[in-house]
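# Results of the structural survey
Given next are the chains, with one letter for each unit.
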Amino acid sequence: MIELRDVGVTFPGAARPSLDGVNLSIAAGETVALAGPSGSGKTSLLRLLNALLLPTTGSVSVDGMDTRDDASLWEIRRRVGLVFQNPDDQIVSTTVERELAFGMENLGLDRDEMRSRVETLLPMLGLEQLRDRPPHRLSGGEKQRVAVAAVLAMRPRHLLLDEPTSLLDARGRADLWALLAELRSREERTVIHVTQFPEEIAYADRAVVLVEGRVVFDAPPRELFAAGSGADGWGLRPPPAMGLAGALRTAGRPLPEDILTMDELIEALAGGTQ
Amino acid sequence: MRIVLDSVGLTYDRGLPTARSGLGGVSLSIGAGDAVAIMGPTGSGKTTLLEIAAGLVAPTTGSASLDEAEDGASLKSRVGLVYQFPELQFFEETVFDEVAYGLRAARIGEDEVVRRVHAALDRVRLKPSSFVERSPLTLSAGEQRRAAIAALVVLERPFLLLDEPSAGLDPRTRDRILELIHREREAGRAILLVTHDPELAEETVDRIVVLSSGSIVADGSPADVFGDAGLLERLGLEAPPAHELVNALSRRDPAVARDVASVVLGRPALRDGVSNDRF
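Residues numbered from 1 in each chain as written. Chains lettered and ligands numbered in written order. Predicted model: local features only at pLDDT ≥ 70, side-chain atom pairs only at ≥ 80, totals over all residues. Heavy atoms only, no water.

### With respect to the overall build of chain B
Keep this limit in mind: Strands here mean DSSP runs of E at least two residues long; helices mean DSSP runs of H or I at least four residues long; both are numbered from the N terminus. We compute the radius of gyration from the C-alpha atoms alone; for a globule the expected value is 2.2 Å times N to the 0.38, where N is the number of residues. Only protein chains enter the accessibility calculation, which uses a 1.4 Å probe. A residue is then buried if its area is under 20% of the maximum for its type, exposed if over 50%, and partly exposed in between. Whether two residues are in contact is decided by their heavy atoms, any of which lying within 4.5 Å being enough.
Broken down by element type, chain B carries 13 helices and nine strands. Computed over its C-alpha atoms, the radius of gyration of chain B comes to 20 Å, within 12% of the 19 Å expected for a compact globule of 279 residues. For chain B, the spread of C-alpha atoms along the three principal axes comes to 65 × 55 × 35 Å. In chain B, which comprises 279 residues, the proportion classed as buried is 54%. Partitioning the contacts of chain B with sequence separation of at least 6, the portion at a separation of at least 24 is 62%.

### What to know about the sheet that holds strand 5 (residues 65-66) of chain A
Residues and elements named next belong to chain A. We apply this condition: If DSSP finds at least two bridges between two strands, the strands pair. Fitting a line to C-alpha atoms yields each axis, with helices limited to the stretch in contact; the angle taken between N-to-C directions then spans 0 to 180 degrees.
Strand order in the open sheet formed by four strands is 2-1-4-5, and the pairing between neighbours is antiparallel. Each edge of the open sheet carries a strand with a single partner, namely strand 2 (19-26) and strand 5. Pairing of strand 4 (residues 57-62) with strand 5, which is carried by two bridges, proceeds in the antiparallel orientation. Opposite V62, over in strand 5, you have M65 as the bridge partner. Sheet strands in contact with helix 1 (residues 42-49) are strand 1 (2-9), strand 2 and strand 4, and its direction is about 125° off that of strand 1.

### Side note on the side chain of R145 of chain B
Residues and elements named next belong to chain B. Selection rule: Side-chain atoms alone can form a polar contact between residues adjacent in sequence; in general such a contact is a pair of N or O atoms within 3.5 Å, and within protein one must be able to donate a hydrogen while the other accepts it.
Turning to its location among the elements, R145 is positioned in helix 6 (residues 141-153). A polar contact of 2.9 Å, which involves the side chain of R145, links it to the backbone oxygen of A167. Those residues within four positions of R145 in sequence are excluded, and the remaining contacts are F85, P86, E87, E164, P165, S166, A167, L169 and I177.

### Observations regarding the domain arrangement of chain B
Residue and element names in this part refer to chain B. As a reminder, the rule being used: Segment limits for the domains were obtained from an automatic or database-derived domain assignment. Buried surface area refers to the total accessible area, computed with a probe of radius 1.4 Å, that the two partners give up upon joining, counted for both partners together.
By the assigned domains, chain B splits into domain 1 (2-220) and domain 2 (222-279). Inter-centroid distance (C-alpha atoms) of domain 1 to domain 2 is 28 Å. Contacts between the two partners involve 20 residues from domain 1 and, on the opposite side, 16 residues from domain 2. The contact between domain 1 and domain 2 buries some 1,300 Å² in all, and 67% of this surface belongs to carbon and sulfur atoms.

### Considerations on the packing of aromatic side chains
We count it as follows: Centres within 6.5 Å make a pair out of two Phe, Tyr or Trp rings, where for Trp the six-membered ring is used; the pair is then stacked when the planes are under 30 degrees apart, edge-to-face when over 60, and tilted otherwise.
Across all of its chains, the model carries two aromatic pairs over all chains by this definition. Relative to W234 of chain A, the ring of F217 of chain A has its centre 6.1 Å away and its plane inclined at 55°; by these criteria the two rings are tilted. Taken together, the positions of F217 of chain A in strand 10 (residues 214-219) and W234 of chain A in the loop between helix 8 (221-224) and helix 9 (240-250) put the pair 17 residues apart, joining distant regions of the chain. Judged by relative accessible area, which is 11%, F217 of chain A ranks as buried. For the ring pair F91 of chain B and Y101 of chain B, a centre distance of 5.2 Å and an interplane angle of 80° mean the geometry is edge-to-face. Within this pair, whereas F91 of chain B is found in the loop between strand 5 (79-82) and helix 3 (95-105), its partner Y101 of chain B is found in helix 3, the two being separated by 10 residues in sequence.

### A few points about helix 7 (residues 171-186) of chain B
Residue and element names in this part refer to chain B. Quick reminder of the rule: Expected span of a helix, by definition, is 1.5 Å for each gap between consecutive residues, and there is one gap fewer than residues.
Look at helix 7: 23 Å from first C-alpha to last across 16 residues, which is about the 22 Å you get at 1.5 Å a residue. Buried within helix 7 we find P171, T173, R174, D175, I177, L178, L180, I181, R183 and E184. Trailing helix 7 by a residue or two, G188 shows a phi angle of about 95°, which is positive.

### A closer look at the sheet that holds strand 1 (residues 2-12) of chain B
Residue and element names in this part refer to chain B. With antiparallel pairing, three strands are arranged side by side in an open sheet as 2-1-4. In the strand order of this sheet, the two ends are held by strand 2 (20-31) and strand 4 (61-67), each with one partner. Strand-to-strand twist in this sheet, taken as the mean axis angle between neighbours without regard to direction, amounts to 15°. As judged from the eight bridges shared by strand 1 and strand 2, these two strands associate in the antiparallel manner. By the bridge assignment for strand 2, Y12 is matched with R20. Contacts from helix 1 (residues 46-53) reach strand 1, strand 2 and strand 4, with the element oriented near 125° to strand 1.

### Some details on the interface of chain B and chain A
Note the cut-off: Each reported salt bridge corresponds to a side-chain nitrogen of Lys or Arg within 4 Å of a carboxyl oxygen of Asp or Glu. Three residue categories are used. Nonpolar comprises Ala, Val, Leu, Ile, Met, Phe, Trp, Tyr, Cys and Pro, charged comprises Asp, Glu, Lys and Arg, and polar comprises the others, including Gly.
If you look at the interface, chain B gives 48 residues, while chain A gives 51 residues. Between chain B and chain A lies a buried interface of about 4,200 Å² when both sides are counted; carbon and sulfur atoms form 56% of it. At the junction of chain B with chain A, the criterion picks out four salt bridges. Here E267 of chain A and R252 of chain B are joined by a salt bridge, their closest N and O atoms 3.3 Å apart. One can count six residue pairs in polar contact (both at pLDDT 80 or more) joining chain B with chain A. Where the side of chain B that touches chain A is concerned, the elements lending two or more residues are helix 6, helix 7, helix 10 (229-235), helix 11 (241-252), helix 12 (254-264) and helix 13 (270-277) of chain B. By residue class, the composition of the side of chain B that touches chain A is 22 nonpolar, 10 polar and 16 charged.

### Some words on the pattern of salt bridges
Residue and element names in this part refer to chain A. Counted by the stated rule, this structure contains 34 salt bridges over all chains. For D88, the salt bridge identified is with K143, shortest N-O distance 2.9 Å. Of this pair, D88 sits in the loop between strand 6 (80-83) and helix 3 (96-107) while K143 sits in helix 5 (residues 140-152), placing them 55 residues apart in sequence. On the accessibility criterion, D88 (44% relative accessible area) is partly exposed. The structure contains a network of salt bridges with shared partners spanning D63, E75, R78, R79 and R157.

Right under this line is the structure:
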């Protein structure tokens, strides 16, 4: 359970708070998409959850532990894994394999366990061929997969992902979401991900939208893209399938009103044919 | 003036057991007024190609040169490269100093520096009076990206190379990057763009070059490349949603696909349909 109560964050010298009066309660195992314009406080919110950032006002707790309590810091960081937006911010090792082991070494895992987790994760993230390569010589998308694998290796109870697919190609994005879905079905794990992609918001149980440091929306994704939700005013575009369905309706092709995903649109247009 | 890449190849760790090919024999020529996107799977050599075209990395085989240029001009002096996440390179105290850095390094007079920095900030739509004194580190992600691009635009080089300029930006900020690319094109600059964002490519360039494992595997208009379902499938690449829909329908029911294509393809931008329709 992750709880934010009346949380405010103001950076020194800033004219306005980066987060303001944020109340959120996220149950273990929930998948939450965090969206909102640049500068709305999404990354600050993630950093609060593993005590990289402490609230200026209010409180943040993880499984009952207050992030301001120094004595809980180790345990909080053990439970909350954060994948940074830019993989270069977190990669420290000289080979991909060692990068995956780095966090586990700090957790004091024994060698066999580390080896077994590395051997499981490398193929899951398509990194087998790259295991001996220096991460800093990999492409942006490859580094991003390494960064995700290194955090998954620590098996955090709560997984935070800051735009984990921003450098991935379409297949890389689809593969990562499939992997997260699989992990979710196997063990209880909270996933909180920041994203700009409407189709990735649609993947979550719950969409939370931040605008200028405040929570302006907190409900299932389908409601976010319903007419009149305000999503457009917050700079959030509906999933492309909605726009295409609208264009087709305008051109006189009969289609249901509630189409959200491309799969639904394809079914509606070609349903009944194989 | 043209950037001419002639059978350019690059081998990393040449002569060592870890040697591997980054690019193998790529030929490409970009002249004034051209706007070209490089697309391809992660690790296919896109960034390497940009670095070679910018004269920052020497190819191990083939040649990269600037043709039809005045004496003394080089790739390095005529090509500006905006790296992926360019805001990570900020080191000055203010936005002004950050954008002025390249001009001052070229020993341009301070009056001219002030004029050009203000003009460059205007071009990326950061109001100079509001931003010149700010620390670049306190800007939002979208403002940082635009300030970083301004630091290159200010040099007014005829070729502008951009590596994933829309990565990590929200849709509205991404649109500002799109407009910026349009304006730079209108100002006569040639654009070479690396992107995973098929809509950004469709809306800003006339030609897409597709790389896979260091070689060119397709080269054509956005309509040609995005209409090639087999190629996209093979490389795991994404097309703009309208093409994705038509390609998926073609596999199910070609007649429906043709009908849908007549409605959704050839629209200048999908979001026009969106804004007119639902919001």
